[in-house]
Amino acid sequence: MQQLHAHVFDVELEIEHPDPAGQELWLPVWIPGSYLVREFSRHLLQLRAQCGDAEVAVRKTAKNRWRVAACAGPLRLHWQVYAHDASVRAAWLDPSRAFFNFSSLLLAAAGLEQRRHEVRIEPPPALRWTLATTLPARQVDARGFGLYAAASYEQLIDHPVSCGEQLQLAFRAGGVAHRLVIEHAQRLRGQVDERRLRADLRRICQAQIELFEPQTRRPPFSRYAFLLTPAPDGWGGLEHADSSALICSEAELPHPRDGADADAGYRRLLGLCSHEYFHAWNVKRIRPQAFSPLDLEKENLTGLLWLFEGFTSYYDDLMLRRCGLIGAAQYLELLGASMRAVQATPGRHVQSLREASFDAWIKFYRPDANTPNATVSYYTLGSLFALALDLHLRSRGKGSLDDVMRLLWRRYGRADAALREQGVPEDALPGIVREACGLDVRRWFERHVDGREPLPLPALLRRFGVRTSHAAPRAVDSLGLRVEGEANWPRVLHVRRDGWAEHAGLCAGDTLVALNEQQASLQALNRQYARSSPGDSWCVHAMRDGRLLRLQAALPPPAPGPLQLQLAERPGAGARRLRQDWLAA
């Protein structure tokens with residue numbers, strides 16, 4: 001890590017016994033947990049090979065593959081990697097910190113992927129950084145730099161590394177050491193409520209351990225680390241077998257002077273940590289058959305991401321409620337936000353949950369102006385399907401989704417699971433639910449996973465003493481568009497299918513100049529809509545490709561307003577009992 005200002009890592013690989021016919025090397029094109037081909041090889045520079053004192057020819061054979069001329073060995077290779085991706089998926093290097101996934105940095109030696117790998121990480125000069133990773137250490141110094149080892153290449157790349165000025169908070173859950181490692185410690189000194197963070201994370205981790213292992217209360221790993229980088233406006237996470245890489249806004253960290261109640265930002269951070277921790281069971285160990293084994297050089301297609309991301313998204317906030325970190329009303333607000341997001345997505349009528357999962361590689365991670373009309377999020381709709389299934393099972397007295405997750409864990413996830421190496425088949429879930437809870441849910445899956453039938457959530461929630469209602473209609477929903485910029489001349493981001501905006505002829509990228517002869521702004525749009533009636537003709541002037549357009553269409557009836565959830569004040573005895581079991585409310 002010497003070229004901090006150039007954002008360049010220097011990497012050297014030694015292969016003691018290379019392939020005598022010519023060693024082939026390759027780099028992953030994607031990172032598990034983020035389903036998009038990212039072409040990490042585009043940042044690899046100046047690959048050179050040496051055998052003894054002699055240079056050896058290297059020839060590129062594919063976008064992410066190289067072949068070295070035959071040599072007896074040992075073979076030594078050197079290359080550089082440009083690292084200026086601030087996400088959790090790749091690598092970053094500058095004078096303030098370093099973060100990297102080995103899948104972005106380290107070439108795999110073809111044919112040797114299952115061999116033991118050792119990696120030495122050297123510190124940058126003149127900086128007193130510390131290093132955090134869960135990669136097994138062999139010989140490291142007090143700051144964490146030195147020699148590490150992994151049993152295979154796949155295990156090696158499942159351990160992200162974070163370096164810099166770090167605040168490290170240690171706690172134990174399930175009898176196992178956990179750490180929260182926060183970068184930029186000097187900047188944040190005195191600004192983070194360390195005791196609260198440590199205690200809250202411990203409660204989340206302990207609750208999830210006990211969900212999957214109620215008898216042993218032990219996790220499936222010997223240590224765990226949350227690697228957190230605060231940023232001015234960043235957010236996201238990526239799961240690994242015994243760690244997670246996280247980015248949050250600095251404002252989401254709890255301050256020592258904050259009150260007892262978690263604000264929305266801190267709740268969001270806790271939900272992110274809960275989500276990635278749950279993945280240690282659901283996707284890192286309980287895996288789809290399509291990921292068993294992983295092929296890191298092409299898309300690994302599965303129709304089950306609604307299970308691995310959607311169910312995880314259901315449990316992330318639910319675990320906060322079970323831990324007592326958020327109230328029932330706060331939890332229902334989070335559920336309502338998910339329901340509103342799906343309600344505002346016409347793509348739910350076009351794409352099923354299974355299709356959304358299968359197409360993640362080409363649609364979900366490649367959004368465009370038509371995305372809301374053509375796709376639905378397997379995270380959000382998947383979480384609502386998990387909610388509906390959980391409520392359906394509970395209301396029928398047939399156990400709960402917890403029983404389903406525990407059976408998945410025993411059969412496909414545990415180290416001694418009979419089908420761990422096989423992975424979860426694409427059509428396994430209805431049978432798993434029936435075995436765990438004694439209920440035939442095949443029609444449910446046909447309608448709501450393979451089909452596009454709306455989930456019966458309002459009716460289900462009523463059985464649990466939760467009321468649904470709609471707020472006043474919003475102008476942008478009724479007009480079928482989404483804009484950015486609240487001041488003058490907002491820009492159209494999306495035009496929803498079969499709405500007023502589409503009928504008038506607006507399209508994404510248009511700049512609204514005037515509405516009904518008045519200067520356009522979001523405030524003016526809301527004001528004029530509140531004073532209008534269905535059937536009124538609206539005229540809009542918009543700029544497109546440097547030309548002024550005059551467009552017109554009649555207003556439709558108002559769309560339903562945003563969905564809201566509230567606890568019923570006087571639920572019946574049955575509803576009160578169901579709600580208590582589900583939400584402790």
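Check the entry above for the structure.
Once a new chain begins, its residue numbering starts again from 1 and follows that chain's sequence as written. In keeping with the predicted nature of the model, local features appear solely for residues at pLDDT of at least 70, side-chain atom pairs appear and are counted solely at 80 or more, and the whole-chain, interface and lining totals rest on all residues. Computation of side-chain values covers all heavy atoms of the structure but excludes hydrogens and water.

Engineer: I tried to follow the overall build of the chain on my own but got confused; where do I start?
Structural biologist: Secondary structure assignment for the chain yields 18 helices and 28 strands. Relative to a compact globule of 585 residues, whose C-alpha radius of gyration would be 25 Å, the chain shows 26 Å and is just as compact. In terms of principal-axis extent, the alpha carbons of the chain reach across some 85 × 65 × 50 Å. Residue burial in the chain is summarised as follows: out of 585 residues, 56% are buried. Between two residues, a contact is recorded if the distance between any of their heavy atoms is within 4.5 Å. Summarising the internal contacts of the chain: among those between residues at least 6 apart in sequence, 69% fall at separations of at least 24. For the chain, the distance from the average site of its 73 positive side-chain charges to the average site of its 66 negative ones is 5 Å. In DSSP terms, a helix is any run of H or I states spanning at least four residues, a strand is any run of E spanning at least two, and both are numbered starting from the N terminus. Every radius of gyration here is taken over C-alpha atoms, with the globule rule written as 2.2 Å times N^0.38, N being the number of residues. Think of it in three bands: residues with accessible area under 20% of the maximum for their type are buried, residues over 50% are exposed, and the middle band is partly exposed, with areas taken using a 1.4 Å probe on protein chains only. Working convention for charge: Lys and Arg count positive, Asp and Glu count negative, and His plus the chain ends are omitted. Where a charge sits is defined by one atom per residue type, namely NZ (Lys), CZ (Arg), CG (Asp) or CD (Glu).

Engineer: I'm lost on helix α18 (residues 573-583) in this one. Help?
Structural biologist: An α-helix turns once every 3.6 residues. As a result, residues three or four positions apart point the same way. Taken residue by residue, α18 has Ala 575, Leu 578, Arg 579, Trp 582 and Leu 583 as its buried positions. All buried residues of α18 project into a common sector of 100° when viewed along the axis, lining one side. With respect to the buried face of α18, the exposed residues turned more than 90 degrees away are Ala 573, Arg 577 and Asp 581. Buried positions along α18 lie against α6 (305-322), α7 (328-343), α10 (380-395), α14 (457-463), β21 (466-470) and β28 (563-567). The arc in question is the one spanned by the directions pointing from the helix axis to the C-beta atoms.

Engineer: What should I look at first to understand unusual backbone geometry in this one?
Structural biologist: One can expect most non-glycine residues to show negative phi and most peptide bonds to be in trans. Residues Gly 73 and Pro 74 are joined by a peptide bond in cis, for which omega reads 0°. Here the residue pair Ser 292 and Pro 293 is connected by a cis peptide bond, since its omega of 0° sits within 30 degrees of zero. When you line up the elements, Pro 293 lands in the loop between α5 (264-278) and α6. Even without being glycine, Ala 126 reaches a positive phi, approximately 65°. Taking relative accessible area as the criterion, Ala 126 reaches 85% and is therefore assigned exposed.

Engineer: What exactly am I supposed to notice about the environment of Glu 210 here?
Structural biologist: Take Glu 210: it is sitting in helix α4 (residues 194-212). Measuring from C-alpha to C-alpha, the distance between Glu 210 and Val 449 comes to 29 Å, with 239 residues separating the pair along the chain.

Engineer: Explain the sheet that holds strand β13 (residues 137-140) here, please?
Structural biologist: Whether parallel or antiparallel, the strands of a sheet pair through hydrogen bonds between backbone atoms. Read from one edge to the other, the open sheet built from three strands follows the order β11-β14-β13, with strand pairing classed as antiparallel. The sheet is open, and its two edges are formed by β11 (117-121) and β13, each paired on a single side. Strand-to-strand twist of the sheet, defined as the mean angle between neighbouring strand axes without regard to direction, takes the value 15°. The rule for pairing is simple: two strands pair if DSSP sees at least two bridges between them. By the bridge criterion, five bridges tie β11 to strand β14 (residues 146-150) in an arrangement that is antiparallel. When the sheet's bridge partners are listed, Val 119 is paired in β14 with Tyr 148. Working convention: axes come from line fits to C-alpha atoms, limited for helices to the stretch in contact. Angles between N-to-C directions cover 0 to 180 degrees.

Engineer: What should I look at first to understand the pattern of salt bridges in this one?
Structural biologist: Any carboxyl oxygen of Asp or Glu that lies within 4 Å of a side-chain nitrogen of Lys or Arg is treated as forming a salt bridge with it. According to the stated counting rule, one finds 31 salt bridges in the structure shown. Here the salt bridges do not stand alone but share partners, grouping Glu 24, Arg 65, Arg 67 and Glu 297 into one network.

Engineer: Got a minute to help me understand the nonpolar core in this structure?
Structural biologist: Most often, soluble globular proteins have nonpolar side chains that are buried together. Formed by 162 residues in total, the largest nonpolar core has its most connected members in Trp 306 and Trp 582. Looking at this core element by element, the count peaks at ten residues for α6. Setting aside anything within four residues of it in sequence, one finds Trp 306 in contact with Phe 311, Leu 353, Arg 354, Ser 357, Tyr 378, Gly 382, Phe 385, Leu 429, Phe 445 and Val 449. With 23 residues, the next largest nonpolar core counts Leu 479, Leu 506, Leu 512 and Ala 553 among its residues. Joining through side-chain atoms within 4.5 Å is the link that ties buried Ala, Val, Leu, Ile, Met, Phe, Trp, Tyr and Cys residues into a set, and such a set is a nonpolar core.

Engineer: Sorry, what's going on with α6 here?
Structural biologist: Helix span is expected to be 1.5 Å times the residue number reduced by one. Compared with the 26 Å implied by 1.5 Å per residue over 18 residues, the 25 Å span of α6 between its first and last C-alpha is a close match. With 17 of its 18 residues buried, α6 lies for the most part within the structure. Once α6 ends, the next one or two residues include Gly 324, with phi positive near 80°.

Engineer: In this structure, what is going on with the packing of α4 against α5? I would like to understand it.
Structural biologist: The relative placement of two packed helices comes down to the angle between their axes together with the axis-to-axis distance. Between α4 and α5, whose axes approach to 10 Å, the crossing angle comes to 35°. The crossing of α4 and α5 is right-handed. For the pair α4 and α5, the contacting residues are Arg 196, Leu 197, Asp 200, Leu 201, Ile 204, Cys 205, Gln 208, Ile 209, Leu 211 and Phe 212 in the first and Tyr 266, Leu 270, Cys 273, Ser 274, Tyr 277 and Phe 278 in the second. Three classes are used, and their members are as follows: Ala, Val, Leu, Ile, Met, Phe, Trp, Tyr, Cys and Pro are nonpolar, Asp, Glu, Lys and Arg are charged, and the others, Gly among them, are polar. Its residues placed into classes, the contact of α4 with α5 shows twelve nonpolar, two polar and two charged. Two helices that cross are described as forming a left-handed crossing if the nearer one is turned anticlockwise from the farther one by less than a right angle, and a right-handed crossing if clockwise.

Engineer: I'm lost on the sheet that holds strand β3 (residues 44-51) in this one. Help?
Structural biologist: An order of β1-β7-β3-β4 is seen for the four strands of this open sheet, with the pairing classed as antiparallel. Both outer strands of the open sheet, β1 (8-15) and β4 (54-56), are each paired with one neighbouring strand and no more. Averaged over all pairs of adjacent strands, the angle between their axes in this sheet comes to 25°, without regard to strand direction. Looking at chain direction, β3 and β4 are connected through three bridges and run antiparallel. Across the sheet, the residue bridging to Cys 51 is Ala 54, located in β4.

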